[in-house]
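As a plain string of letters, each chain reads:
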Amino acid sequence: WCSVIKFLHAADLHLDAPFAALSPEQAAERRREQRAFLTELAEAANTHDCDLVLLAGDLFDSAGASDETLLALRRALASIRAPVFISPGNHDCLLPGSAYLTERWPENVHIFKTDAIEAVELPEKQLRVYGAGFTARHERPLLEGFRAKADGWTNLMVLHGDATQAASPYNPITPEQLAASGLAYLALGHIHQASGLLRCGSTCYAWPGCAMGRGFDELGQKGAYLGEVSDSGVRLDFLPLHGRNYEILRVEAGDDALAAVTAALPEDTQNDIYRVILTGEAEPVETAALQAALAPRFYALTIRDETRPRRALWEGAEEDTLRGLFLQALKAQYDAAQTEADRRKIALAARCGCAAMDGREAAE
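Residues numbered from 1 in each chain as written. Predicted model: local features only at pLDDT ≥ 70, side-chain atom pairs only at ≥ 80, totals over all residues. Heavy atoms only, no water.

(A) Focus on the overall build of the protein chain. The secondary structure content of the protein chain amounts to eight helices and 17 strands. The C-alpha atoms of the protein chain give a radius of gyration of 27 Å, which is well past the 21 Å a tight globule of 364 residues would have. For the protein chain, the spread of C-alpha atoms along the principal axes amounts to about 85 × 45 × 35 Å. Of the contacts made within the protein chain by residues no fewer than 6 positions apart, 68% connect residues no fewer than 24 positions apart. With the model as given, the accessible surface of the protein chain reaches about 17,100 Å², and the carbon-plus-sulfur share is 51%. Looking at charge distribution, the protein chain has the averaged site of its 35 positive side-chain charges lying 2 Å from that of its 52 negative ones. (Helix = DSSP H or I, 4+ residues; strand = E, 2+ residues; numbered from the N terminus. Rg over C-alpha atoms; globule rule 2.2 N^0.38 Å. Contact = heavy atoms within 4.5 Å. Areas by Shrake-Rupley, 256 points an atom, 1.4 Å probe, with all protein chains shown as cover. Lys, Arg positive; Asp, Glu negative; His and termini not counted. Charge placed at Lys NZ, Arg CZ, Asp CG, Glu CD.)

(B) Quick look at unusual backbone geometry. We note that Asp16 has phi near 70°; this positive angle belongs to a residue other than glycine. The phi torsion at Gln126 lies on the positive side, around 50°, for a residue other than glycine. Along the chain, Gln126 falls in the loop between β5 (118–122) and β6 (127–131). By relative accessible area, which is 38% here, Gln126 ends up partly exposed. (Buried < 20%, exposed > 50% of the residue type's maximum accessible area, 1.4 Å probe, protein only.)

(C) How the structure looks around the pairing of β6. Across the five residues of β6, five count as buried, placing the element largely inside the fold. Pairing between β5 and β6: five bridges, direction antiparallel. For Ala119, the partnering residue across the bridge sits in β6 and is Tyr130. What sits between the antiparallel neighbours β5 and β6 is a turn of four residues, in which Gln126 has the positive phi angle 50°. In the sheet, β6 pairs with strand β7 (residues 154–160) via five bridges, with the strands oriented parallel. Residue pairing in the sheet places Tyr130 in a bridge with Met157 of β7. (Pairing = 2+ DSSP bridges.)

Fair warning: the whole summary comes from geometry, so function is off the table for now.
Here it is as structure tokens:
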């Protein structure tokens, strides 16, 4: 192996995504932010002196790409001082008319244009980069039967595929295939939550998740991986990239929903996209008024009211039911309690018991 090979591994950029849940103006702004993000990715590769960049598919959200996006992508890739390897995925697969097939790409960019695994050799680094691309929306198990050349060189691969489900229609990858591959590192894409560094046999592999959140199924900080391959193995560091985070915040509404949400919020939410879910027992919440009061604190905000109507603590104690008998016994203890602390404990027991009988969690 070369003493140290440094790489940047990114995937699932989904350029030109519709951002349909946002306003048309915000959706257009977010697509501009995606294009600006390409420059940040290129600068990171150069700043960290990467020997190569591995882009593991779904760079585009669909087969079509806008002229602005194609120009931004070509410029960003051309500015990278290292060779760039792209493995098209299921969203940007190699169908007729694909930009991968019709556009002119910078000389440092290699796109794997068939679903047969091929290798590109970098003799000066004793490095071999394997890859393949999706030629349809679904793809067969591309790694089946593969074995890297064993000649002392470092063998890497970039591939779009699913290593989490053996029955996946998106190039399923099994532990057995990974262990038999002879690869030092497999750079994957497709799954939108980062995996961390994984290992099967002597093969390390990972997927960095999507590079920019696009909905509430893609929460939190997003980014790419900076990696190193050396005689001692593979190391990965997560590289956070600038962007707006999607976050979900669950808050017990209590007597004052606005105060409860305000108290639960982090300090800086101005650039992020939030879904606030109101929970617990509460009086009816005026969600429109709450939305108007809180909206200036966010880039975008939605509020969901999942509260339950308040129920008096001892309501139902007179009933000849399991609940009634349970409440009667606790109310007798409550009335006889000598301290406020004891009364609070008994009241909590009553709430927890009723919640359990209702099949719900008790409010704290």
